[in-house]
Amino acid sequence: MSTRQNEYVVGIDLGGTKVRAGIATIAGDVLHETTEPTSDGRAIVAQLAHLVTALAAAIGASTGSIVATAIGGAGVPDAAAGQFDLAPNLGDLEGFDVVAELESILGHPVVIDNDVNIAALGELHSGVGVEVDTFAFVSVGTGIGVGLVLDRRVWQGVRGGAGEIGYLPIGSDPLDPLNQRRGALEEAVSGEAIAQRFQLTSGRARSSAVEVFELAAAGDQDAVASLDEEARWLAHAILAVDAVIDPGLFVLGGGIGSREELLAPVLHWLGRLGRPTIEVRISRLGSSAPILGAVRLAIDAAPLSTEREAS
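What counts and what doesn't
Residues numbered from 1 in each chain as written. Predicted model: local features only at pLDDT ≥ 70, side-chain atom pairs only at ≥ 80, totals over all residues. Heavy atoms only, no water. Helix = DSSP H or I, 4+ residues; strand = E, 2+ residues; numbered from the N terminus. Rg over C-alpha atoms; globule rule 2.2 N^0.38 Å. Buried < 20%, exposed > 50% of the residue type's maximum accessible area, 1.4 Å probe, protein only. Contact = heavy atoms within 4.5 Å. Phe/Tyr/Trp six-rings, centres within 6.5 Å; stacked < 30°, edge-to-face > 60°. Lys NZ or Arg CZ within 6 Å of the ring centre and 35° of its normal. pLDDT = per-residue confidence, 0-100. Axes fitted to C-alpha atoms, helices over the stretch in contact; angles between N-to-C directions. Parallel < 35°, antiparallel > 145°, perpendicular 65-115°, else oblique. Left-handed = near helix turned anticlockwise from the far one by under 90°. Nonpolar A, V, L, I, M, F, W, Y, C, P; charged D, E, K, R; others polar. 1 Å grid on protein atoms, 1.4 Å probe; cavity = no way out; pocket = protein on both sides within 12 Å on 5 of 7 lines; lining within 4 Å. Points joined across faces, edges and corners; volume = space filled by probe spheres on them. Pairing = 2+ DSSP bridges. Arc of directions from axis to C-beta.

Observations concerning the overall build of the protein
In terms of regular secondary structure, the protein is built from 11 helices and 12 strands. What you see for the protein is a C-alpha radius of gyration of 20 Å, in line with the 19 Å of a compact globule of 311 residues. For the protein, with 311 residues in total, the buried portion stands at 50%. Here the contacts in the protein between residues at least 6 apart in sequence split such that 60% fall between residues at least 24 apart.

Listed below in C-alpha coordinates is the structure:
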(Lines give C-alpha, C1' and ligand atoms only; values in the text may rest on other atoms or scores of the structure.)
Protein backbone atom coordinates (compact mmCIF):
# COMPACT_ATOMS: atom_id res chain seq x y z
CA MET A 1 0.00 0.00 0.00
CA SER A 2 1.35 3.43 -0.92
CA THR A 3 2.21 5.80 1.93
CA ARG A 4 2.46 8.75 -0.38
CA GLN A 5 -1.15 9.69 -1.03
CA ASN A 6 -0.62 13.17 0.43
CA GLU A 7 2.47 13.94 -1.65
CA TYR A 8 2.38 15.93 -4.88
CA VAL A 9 4.66 16.99 -7.72
CA VAL A 10 4.60 20.01 -10.01
CA GLY A 11 5.38 19.97 -13.72
CA ILE A 12 6.18 23.22 -15.53
CA ASP A 13 6.36 23.97 -19.25
CA LEU A 14 8.46 27.15 -19.47
CA GLY A 15 8.08 28.67 -22.93
CA GLY A 16 9.23 31.91 -24.44
CA THR A 17 5.79 33.52 -24.35
CA LYS A 18 3.84 31.57 -21.74
CA VAL A 19 4.39 29.26 -18.82
CA ARG A 20 2.05 26.38 -18.07
CA ALA A 21 2.16 24.46 -14.82
CA GLY A 22 0.27 21.56 -13.32
CA ILE A 23 0.15 19.82 -9.96
CA ALA A 24 -0.25 16.04 -9.80
CA THR A 25 -0.40 13.21 -7.34
CA ILE A 26 2.70 11.10 -6.85
CA ALA A 27 0.95 8.56 -9.08
CA GLY A 28 0.87 11.08 -11.95
CA ASP A 29 -2.78 12.18 -11.94
CA VAL A 30 -2.88 15.88 -12.86
CA LEU A 31 -5.28 17.69 -10.51
CA HIS A 32 -5.01 21.33 -11.57
CA GLU A 33 -3.30 23.43 -14.25
CA THR A 34 -2.67 27.11 -14.82
CA THR A 35 -1.21 29.26 -17.62
CA GLU A 36 0.18 32.80 -17.67
CA PRO A 37 2.60 34.94 -19.71
CA THR A 38 6.28 34.23 -19.11
CA SER A 39 8.14 36.80 -17.02
CA ASP A 40 11.31 38.31 -18.41
CA GLY A 41 14.73 36.88 -17.61
CA ARG A 42 15.57 36.31 -13.95
CA ALA A 43 12.12 37.38 -12.80
CA ILE A 44 11.13 33.89 -13.94
CA VAL A 45 12.32 32.45 -10.61
CA ALA A 46 9.86 34.49 -8.55
CA GLN A 47 7.11 33.67 -11.04
CA LEU A 48 7.72 29.92 -10.88
CA ALA A 49 7.92 29.91 -7.08
CA HIS A 50 4.59 31.73 -6.94
CA LEU A 51 3.04 29.27 -9.40
CA VAL A 52 4.07 26.29 -7.27
CA THR A 53 2.55 27.89 -4.18
CA ALA A 54 -0.64 28.81 -6.05
CA LEU A 55 -1.05 25.29 -7.44
CA ALA A 56 -0.79 23.80 -3.95
CA ALA A 57 -3.39 26.25 -2.67
CA ALA A 58 -5.69 25.43 -5.61
CA ILE A 59 -6.05 21.82 -4.42
CA GLY A 60 -6.09 22.69 -0.73
CA ALA A 61 -2.60 21.37 -0.05
CA SER A 62 0.41 22.94 1.62
CA THR A 63 3.55 23.84 -0.30
CA GLY A 64 5.37 21.42 2.00
CA SER A 65 3.42 18.51 0.53
CA ILE A 66 5.06 19.07 -2.86
CA VAL A 67 8.07 16.74 -3.03
CA ALA A 68 9.56 17.73 -6.41
CA THR A 69 9.20 20.20 -9.28
CA ALA A 70 10.34 19.61 -12.86
CA ILE A 71 10.78 22.35 -15.46
CA GLY A 72 10.96 21.98 -19.20
CA GLY A 73 12.59 25.10 -20.62
CA ALA A 74 13.22 26.38 -24.14
CA GLY A 75 16.98 25.86 -24.08
CA VAL A 76 19.78 23.35 -23.54
CA PRO A 77 19.76 22.21 -19.89
CA ASP A 78 22.98 22.23 -17.89
CA ALA A 79 21.96 20.18 -14.86
CA ALA A 80 25.32 20.66 -13.11
CA ALA A 81 25.02 24.45 -13.30
CA GLY A 82 21.25 24.48 -12.82
CA GLN A 83 20.67 26.63 -15.88
CA PHE A 84 19.52 26.75 -19.49
CA ASP A 85 22.04 27.51 -22.24
CA LEU A 86 21.18 28.57 -25.79
CA ALA A 87 17.88 29.93 -24.49
CA PRO A 88 17.28 33.20 -26.40
CA ASN A 89 13.53 32.97 -25.93
CA LEU A 90 13.84 32.99 -22.12
CA GLY A 91 15.67 36.30 -21.80
CA ASP A 92 18.74 36.96 -19.66
CA LEU A 93 19.34 33.64 -17.88
CA GLU A 94 22.93 33.05 -18.95
CA GLY A 95 25.06 31.97 -15.98
CA PHE A 96 22.05 32.04 -13.64
CA ASP A 97 21.44 28.97 -11.45
CA VAL A 98 17.66 28.67 -11.72
CA VAL A 99 17.61 25.32 -9.91
CA ALA A 100 19.52 26.49 -6.82
CA GLU A 101 17.42 29.65 -6.56
CA LEU A 102 14.15 27.72 -6.72
CA GLU A 103 15.27 24.97 -4.38
CA SER A 104 16.23 27.55 -1.76
CA ILE A 105 12.75 29.07 -1.98
CA LEU A 106 10.65 25.91 -2.32
CA GLY A 107 12.61 23.52 -0.11
CA HIS A 108 12.32 20.49 -2.39
CA PRO A 109 14.24 19.06 -5.37
CA VAL A 110 13.95 20.94 -8.68
CA VAL A 111 15.05 19.34 -11.95
CA ILE A 112 15.27 20.80 -15.45
CA ASP A 113 15.27 19.50 -19.00
CA ASN A 114 14.67 20.82 -22.48
CA ASP A 115 11.00 21.61 -23.06
CA VAL A 116 10.73 19.46 -26.18
CA ASN A 117 12.41 16.51 -24.43
CA ILE A 118 9.83 16.93 -21.68
CA ALA A 119 7.00 16.88 -24.23
CA ALA A 120 8.50 13.79 -25.85
CA LEU A 121 8.56 12.13 -22.43
CA GLY A 122 4.86 12.92 -22.03
CA GLU A 123 4.20 11.52 -25.48
CA LEU A 124 6.14 8.38 -24.59
CA HIS A 125 4.07 7.61 -21.50
CA SER A 126 0.66 8.93 -22.52
CA GLY A 127 0.63 9.27 -26.32
CA VAL A 128 2.09 7.34 -29.25
CA GLY A 129 4.54 5.65 -26.87
CA VAL A 130 1.70 3.30 -25.98
CA GLU A 131 2.10 1.88 -29.51
CA VAL A 132 5.74 2.47 -30.51
CA ASP A 133 9.14 2.52 -28.81
CA THR A 134 10.98 4.93 -31.12
CA PHE A 135 9.79 8.24 -32.58
CA ALA A 136 10.71 11.88 -33.07
CA PHE A 137 8.53 14.52 -31.40
CA VAL A 138 8.73 17.76 -33.39
CA SER A 139 7.52 20.79 -31.44
CA VAL A 140 6.78 24.02 -33.30
CA GLY A 141 5.67 27.15 -31.48
CA THR A 142 7.71 30.16 -30.43
CA GLY A 143 10.64 28.07 -31.71
CA ILE A 144 11.26 24.57 -33.03
CA GLY A 145 12.94 21.51 -31.54
CA VAL A 146 12.89 17.74 -31.65
CA GLY A 147 12.63 15.28 -28.78
CA LEU A 148 14.17 11.98 -29.83
CA VAL A 149 12.77 8.84 -28.19
CA LEU A 150 14.98 5.87 -29.02
CA ASP A 151 13.99 2.47 -27.64
CA ARG A 152 11.80 4.16 -25.00
CA ARG A 153 14.53 6.52 -23.80
CA VAL A 154 14.76 10.25 -24.51
CA TRP A 155 18.13 10.83 -26.15
CA GLN A 156 19.58 14.13 -24.93
CA GLY A 157 22.98 14.00 -26.60
CA VAL A 158 26.41 14.28 -24.98
CA ARG A 159 25.90 17.92 -23.94
CA GLY A 160 22.11 17.95 -23.74
CA GLY A 161 21.66 19.62 -27.12
CA ALA A 162 20.27 16.75 -29.21
CA GLY A 163 17.28 17.84 -31.27
CA GLU A 164 18.10 21.57 -31.40
CA ILE A 165 17.14 21.60 -35.08
CA GLY A 166 16.39 25.31 -35.04
CA TYR A 167 20.11 25.65 -35.80
CA LEU A 168 19.93 23.60 -38.99
CA PRO A 169 21.37 25.81 -41.78
CA ILE A 170 18.16 25.88 -43.84
CA GLY A 171 15.17 28.17 -44.17
CA SER A 172 17.10 31.44 -43.93
CA ASP A 173 20.69 32.55 -44.46
CA PRO A 174 22.79 30.72 -41.84
CA LEU A 175 25.75 33.08 -42.44
CA ASP A 176 23.75 36.15 -41.46
CA PRO A 177 24.58 36.95 -37.81
CA LEU A 178 20.96 38.02 -37.33
CA ASN A 179 19.93 34.40 -37.96
CA GLN A 180 22.50 32.83 -35.63
CA ARG A 181 20.98 33.74 -32.29
CA ARG A 182 17.90 31.55 -32.71
CA GLY A 183 19.10 29.53 -35.71
CA ALA A 184 18.44 29.72 -39.44
CA LEU A 185 15.58 27.21 -39.44
CA GLU A 186 13.90 28.69 -36.37
CA GLU A 187 13.88 32.09 -38.07
CA ALA A 188 11.83 30.50 -40.86
CA VAL A 189 9.32 28.37 -38.94
CA SER A 190 8.62 30.15 -35.64
CA GLY A 191 5.20 31.57 -34.94
CA GLU A 192 6.67 35.02 -35.47
CA ALA A 193 7.92 33.97 -38.93
CA ILE A 194 4.40 32.95 -39.99
CA ALA A 195 3.08 36.38 -39.02
CA GLN A 196 5.96 38.20 -40.72
CA ARG A 197 5.52 36.29 -43.99
CA PHE A 198 1.84 37.08 -44.04
CA GLN A 199 2.49 40.76 -43.46
CA LEU A 200 5.11 40.93 -46.23
CA THR A 201 3.05 39.08 -48.84
CA SER A 202 -0.30 40.71 -48.06
CA GLY A 203 0.85 44.24 -47.26
CA ARG A 204 -1.64 44.23 -44.41
CA ALA A 205 -1.18 45.03 -40.74
CA ARG A 206 0.72 42.56 -38.60
CA SER A 207 -1.31 39.54 -37.47
CA SER A 208 -0.49 36.82 -34.98
CA ALA A 209 0.19 33.25 -36.10
CA VAL A 210 -3.18 32.22 -34.71
CA GLU A 211 -4.90 34.89 -36.79
CA VAL A 212 -3.05 33.69 -39.90
CA PHE A 213 -4.39 30.18 -39.32
CA GLU A 214 -7.90 31.61 -38.95
CA LEU A 215 -7.57 33.63 -42.14
CA ALA A 216 -6.27 30.58 -44.02
CA ALA A 217 -9.28 28.57 -42.83
CA ALA A 218 -11.50 31.31 -44.26
CA GLY A 219 -9.76 31.00 -47.64
CA ASP A 220 -7.39 33.97 -47.50
CA GLN A 221 -4.74 33.10 -50.11
CA ASP A 222 -1.97 35.17 -48.53
CA ALA A 223 -2.51 33.31 -45.27
CA VAL A 224 -2.60 29.98 -47.11
CA ALA A 225 0.71 30.85 -48.79
CA SER A 226 2.32 31.73 -45.47
CA LEU A 227 1.31 28.39 -43.96
CA ASP A 228 2.44 26.52 -47.07
CA GLU A 229 5.90 28.05 -46.64
CA GLU A 230 5.82 26.94 -43.01
CA ALA A 231 5.00 23.39 -44.10
CA ARG A 232 7.73 23.48 -46.73
CA TRP A 233 10.53 24.14 -44.26
CA LEU A 234 9.04 21.85 -41.66
CA ALA A 235 9.14 19.07 -44.25
CA HIS A 236 12.79 19.87 -44.99
CA ALA A 237 13.57 19.59 -41.25
CA ILE A 238 11.75 16.25 -40.97
CA LEU A 239 13.67 14.95 -43.97
CA ALA A 240 16.99 15.99 -42.39
CA VAL A 241 16.21 14.27 -39.09
CA ASP A 242 14.94 11.17 -40.87
CA ALA A 243 18.16 10.90 -42.90
CA VAL A 244 20.25 10.81 -39.71
CA ILE A 245 18.01 9.08 -37.14
CA ASP A 246 15.38 7.10 -39.09
CA PRO A 247 12.91 7.18 -36.15
CA GLY A 248 10.10 5.56 -38.13
CA LEU A 249 7.49 8.06 -36.92
CA PHE A 250 7.31 11.83 -36.52
CA VAL A 251 4.82 13.37 -34.11
CA LEU A 252 4.02 17.06 -34.55
CA GLY A 253 3.26 19.04 -31.39
CA GLY A 254 3.49 22.50 -29.88
CA GLY A 255 1.15 25.43 -30.36
CA ILE A 256 1.75 25.51 -34.12
CA GLY A 257 2.88 21.97 -34.87
CA SER A 258 -0.26 20.46 -33.36
CA ARG A 259 -2.52 22.37 -35.77
CA GLU A 260 -4.31 19.80 -37.92
CA GLU A 261 -4.19 22.20 -40.90
CA LEU A 262 -0.42 21.74 -41.18
CA LEU A 263 -0.42 17.98 -41.68
CA ALA A 264 -1.65 17.89 -45.28
CA PRO A 265 0.79 20.52 -46.62
CA VAL A 266 3.69 18.91 -44.73
CA LEU A 267 2.88 15.55 -46.31
CA HIS A 268 2.55 17.28 -49.69
CA TRP A 269 6.04 18.75 -49.37
CA LEU A 270 7.50 15.44 -48.21
CA GLY A 271 6.06 13.95 -51.39
CA ARG A 272 7.64 16.68 -53.52
CA LEU A 273 10.95 16.02 -51.75
CA GLY A 274 10.71 12.36 -52.78
CA ARG A 275 9.85 10.90 -49.37
CA PRO A 276 6.07 10.36 -49.33
CA THR A 277 6.38 7.27 -47.14
CA ILE A 278 7.65 9.09 -44.04
CA GLU A 279 4.95 8.69 -41.38
CA VAL A 280 3.85 11.92 -39.71
CA ARG A 281 1.06 12.34 -37.13
CA ILE A 282 -0.35 15.19 -35.09
CA SER A 283 0.02 14.67 -31.35
CA ARG A 284 -3.23 13.66 -29.74
CA LEU A 285 -2.05 15.10 -26.42
CA GLY A 286 -1.86 18.68 -27.68
CA SER A 287 -0.78 21.13 -25.01
CA SER A 288 -0.93 18.42 -22.34
CA ALA A 289 2.25 16.66 -23.53
CA PRO A 290 4.77 19.00 -21.81
CA ILE A 291 2.87 19.00 -18.52
CA LEU A 292 2.53 15.21 -18.50
CA GLY A 293 6.22 14.84 -19.30
CA ALA A 294 7.30 17.31 -16.62
CA VAL A 295 5.13 15.54 -14.07
CA ARG A 296 6.79 12.24 -14.98
CA LEU A 297 10.24 13.79 -14.59
CA ALA A 298 9.28 15.26 -11.21
CA ILE A 299 8.02 11.88 -9.99
CA ASP A 300 11.35 10.31 -10.95
CA ALA A 301 13.19 13.08 -9.07
CA ALA A 302 11.05 12.89 -5.93
CA PRO A 303 12.87 11.51 -2.87
CA LEU A 304 11.36 8.50 -1.18
CA SER A 305 9.14 9.36 1.76
CA THR A 306 10.50 8.65 5.24
CA GLU A 307 7.94 5.93 5.71
CA ARG A 308 8.83 4.18 2.47
CA GLU A 309 12.57 4.46 3.10
CA ALA A 310 12.06 2.68 6.41
CA SER A 311 10.02 -0.14 4.89
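Things to note about the packing of aromatic side chains
One pass over the full model with this rule turns up 0 aromatic pairs. Cation over ring: Arg232 sits above Trp269, and NZ or CZ is 5.8 Å from the ring centre. One Lys or Arg, Arg259, reaches over the ring of Phe213 and ends 4.3 Å from the middle of that ring.

Observations regarding the confidence of the model for the protein
Scored by pLDDT, the protein comes out at a mean of 90, with 93% of its residues at no less than 70. Looking at the elements of the protein, mean pLDDT is at its lowest for helix α11 (residues 306–310), recorded as 36, and at its highest for helix α9 (residues 263–272), recorded as 98. Contacts of residues 306–311 to residues separated by more than four positions or lying in other chains number 5 contacts, the stretch itself having pLDDT below 50.

A closer look at the packing of helix α5 (residues 191–202) against helix α7 (residues 221–245)
The interhelical angle for the contact between α5 and α7, taken along N-to-C directions, is 135°, at an axis separation of 9 Å. In terms of orientation, α5 and α7 fall into the oblique class. Classified by chirality, the crossing of α7 by α5 is right-handed. On α7, the residues touching Ile194, Arg197, Phe198, Thr201 and Ser202 of α5 are Asp222, Ala223, Ser226, Leu227, Glu229 and Glu230. Grouping the constituent residues of the contact of α5 with α7 by class yields 4 nonpolar, 3 polar and 4 charged.

A few points about the layout of surface pockets
Computed from the structure, the largest pocket encloses a volume of approximately 1,000 Å³. What lines the largest pocket is a set of 47 residues, among which Val140, Gly141, Thr142, Gly143 and Gly255 lie closest to the centre. Secondary-structure elements contributing two or more residues to the lining of the largest pocket are β2 (18–25), α3 (115–126), β8 (135–140), β9 (144–150), α5, α6 (209–217), α8 (254–257) and α10 (288–301). Here the lining of the largest pocket is composed, by residue class, of 17 nonpolar, 20 polar and 10 charged.

Examining the sheet that holds β9
Judged by pairing direction, the sheet is mixed, and its 5 strands sit side by side in the order β10-β9-β8-β11-β12 without closing on themselves. Edge positions in the sheet fall to β10 (153–155) and β12 (280–282), since each has one partner strand and no second. For this sheet, the mean inter-axis angle between neighbouring strands, taken without regard to orientation, is 30°. As judged from the 4 bridges shared by β8 and strand β11 (residues 250–253), these two strands associate in the parallel manner. Following the sheet pairing, Phe137 is matched in β11 by Val251.

So, the environment of Arg206
Along the chain, Arg206 falls in the loop between α5 and α6. For the pair formed by Arg206 and Ala195, sequence separation is 11 residues and the distance between their alpha carbons is 6.6 Å. The contacts of Arg206, once residues within four sequence positions are left out, are Glu192, Ala195, Gln196 and Gln199.

Observations regarding α6
Considered for burial, the residues of α6 that qualify are Ala209, Val212, Phe213 and Ala216. On an axial view of α6, the arc spanned by its buried residues comes to 100°, and they lie on one face. Among the exposed residues of α6, those pointing more than 90 degrees away from its buried face are Glu214 and Ala217. Elements in contact with the buried residues of α6: α5, α7 and α8. Backbone geometry just downstream of α6 places Gly219 in the positive-phi region, at approximately 95°.

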